[in-house]
Amino acid sequence: MTRTQRTVSIAVIAVLALAAAGYWFMHRPTPAEPQPDDTAQATKADAAQPRPALTVRVAAPEPAELAVTLAANGNIAAWQEASVGSESAGLRLAEVRVNVGDTVRRGQVLARFAPETIDADVAQAKAALAEARATAADAAGNAARARTLEKTGALSQQQITQYQTAEQTAQARVEAAQAVLAAQQVRGRNTVVAAPDDGVISARSATVGSVVGSGTELFRLIRQGRLEWRAEVGAAELGRLAVGMPVRVVAPGSAEVQGKVRSIAPTVDPQTRNALVYVDIPGVQANAGIKAGMFARGEFALGKSAALTVPQAAVVPRDGFNTVMVLQDDSRVQMRKVQAGRRVGERIEITGELPAGARVVTEGAGFLNDGDLVRVVDAAPAAAK
């Protein structure tokens, strides 16, 4: 075979090989497309369902016995105040022993006046009394002798009468001198200013060295340290109150104290149509947050009544109304308007039309709208707590 023939043979073989490769490529089998399995179908089905808007907890409203109260406002004042003043005029105040806020006992010395002037007056009255008694003794002796001579006729009846009159006059002077001495001794005792009753000093105007007149007030005393809350209650509510009823009084600084109704005013103010209710506040000395002159609020405990309560988080204000989200059978929520009432701890009273066996959303209610689909989780942890 010549060289030319070998070249032609190789070219023919190459063309045949390329033709066979092209035929195989054009007619090769295509791989089968994968079919969706059951899991994929389920995922698509789930994707077609609506998604819950929020995961929430629900609870049924619980019945409870809640206290019925009547709120009022008023001033705190002293139960009674005593004005301690001076009974002696023109004396110098030598000593002041108490100050505002001090607790004193009945008869305790509060202040003293300088006694020198009074001591001199007492000494003078004693001397006058001694002189009067001496004069009375001499007059009594003369009258006795005159009476012994009356039967003898040695003295006239006029002279005897004069001696008897002198005796009576001298005795009257003794009694007058005794009265003057007693008055001076009273003035001497008045140099000591004593507390008229147990209590707390609420005001002091006494100053050492001052000369005060009779009747000048030196101290003001809250008798027995007792304060009272004078609550203003409307005429329509007076019939619900009674003497001895417990009251909770709260001062502006959040100081709280328990009291009792002492009395109810017999008249109503014609301008405000309110009456004063006097509430005794005990133990005010131990509570620094309660002071006379404060404006305080309080609540009268009228009794108890049945109520339906839910957690406070379940009540959401919307558009000026209080609402709760009630869970429906299809796991959707329905918004219901309710009235919020009394609060106790973390729960609040609600009044409104709720279906029997209703369950309200207790966590997440503020993020829901009417008709939202929710997922409910077990509320066992909250119930256990």
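Conventions adopted
- Residues numbered from 1 in each chain as written.
- Predicted model: local features only at pLDDT ≥ 70, side-chain atom pairs only at ≥ 80, totals over all residues.
- Heavy atoms only, no water.
- Salt bridge = Lys/Arg side-chain N within 4 Å of Asp/Glu carboxyl O.
- Helix = DSSP H or I, 4+ residues; strand = E, 2+ residues; numbered from the N terminus.
- Buried < 20%, exposed > 50% of the residue type's maximum accessible area, 1.4 Å probe, protein only.
- Pairing = 2+ DSSP bridges.
- Phe/Tyr/Trp six-rings, centres within 6.5 Å; stacked < 30°, edge-to-face > 60°.
- Lys NZ or Arg CZ within 6 Å of the ring centre and 35° of its normal.
- Expected span 1.5 Å × (residues − 1).
- Contact = heavy atoms within 4.5 Å.

Draft legend 1. Quick peek at the pattern of salt bridges. Summed over the entire model, instances satisfying the criterion amount to 16 salt bridges. Between Glu-256 and Arg-248 there is a salt bridge, with its nearest N and O atoms 3.3 Å apart. Between Arg-262 and Asp-280 there is a salt bridge, and its shortest N-O distance comes to 3.2 Å. Of this pair, Arg-262 sits in strand E13 (residues 256–264) while Asp-280 sits in strand E14 (residues 274–281), and the two are 18 residues apart along the sequence. By relative accessible area, which is 30% here, Arg-262 ends up partly exposed. Accessibility expressed as a relative area gives 21% for Asp-280, which makes it partly exposed. Here the salt bridges do not stand alone but share partners, grouping Arg-226, Glu-228, Arg-230, Arg-262 and Asp-280 into one network.

Draft legend 2. Structural view of the pairing of strand E3 (residues 81–85). Going residue by residue along E3, you find Ala-82 and Val-84 tucked away on one face and Glu-81, Ser-83 and Gly-85 left uncovered on the opposite face. Two strands pair when backbone bridges link them, and E3 and strand E10 (residues 217–223) are joined in this way by five bridges, in the antiparallel orientation. From the neighbouring strand, Ala-82 faces E10, where its bridge partner is Leu-221.

Draft legend 3. Spatial organisation of the packing of aromatic side chains. In the structure shown here, the tally under the stated rule is one aromatic pair. When the ring centre of Trp-79 is taken as origin, the NZ or CZ atom of Arg-226, which lies over that ring, is 3.9 Å away.

Draft legend 4. The sheet that holds E10, seen in detail. Strand order in this open sheet of four strands is E3-E10-E8-E5, and the pairing throughout is antiparallel. Each having just a single partner strand, E3 and strand E5 (103–104) make up the two edges of the open sheet.

Draft legend 5. Structural view of the sheet that holds strand E7 (residues 192–194). Here we have four strands laid out as an open sheet, ordered E7-E6-E4-E9, and antiparallel in their pairing. Each edge of the open sheet is held by one strand with a lone partner, namely E7 and strand E9 (211–212). Relative to strand E6 (residues 109–113), strand E4 (residues 91–96) runs antiparallel, the two sharing three bridges. Directly across from Glu-95, in E6, lies its bridge partner Arg-112.

Draft legend 6. A look at helix H3 (residues 116–149). With 34 residues, H3 should cover 50 Å at 1.5 Å per step; its first-to-last C-alpha distance of 50 Å lies within 8% of that length. Of the positions making up H3, those classed as buried are Ile-118, Val-122, Ala-125, Leu-129, Ala-132, Ala-136, Ala-139, Ala-143 and Ala-146. Looking at the buried residues of H3, the elements they touch are E4 and helix H4 (157–189).

Draft legend 7. Layout of H4. Between its terminal C-alpha atoms H4 stretches 48 Å, which fits the 48 Å expected from 33 residues at 1.5 Å a residue. Those residues of H4 not exposed but buried are Ile-160, Ala-170, Val-174, Ala-177, Leu-181 and Gln-184. Against H3 lie the buried residues of H4.

Draft legend 8. View of unusual backbone geometry. Despite not being glycine, Gln-224 shows a phi value in the positive range, around 60°. Along the chain, Gln-224 turns up in the loop between E10 and strand E11 (227–234). Despite not being glycine, Asp-319 shows a phi value in the positive range, around 55°. Among the secondary structure elements, Asp-319 is positioned in the loop between strand E16 (316–318) and strand E17 (321–327). The class of Asp-319 is exposed, set by a relative accessible area of 77%.

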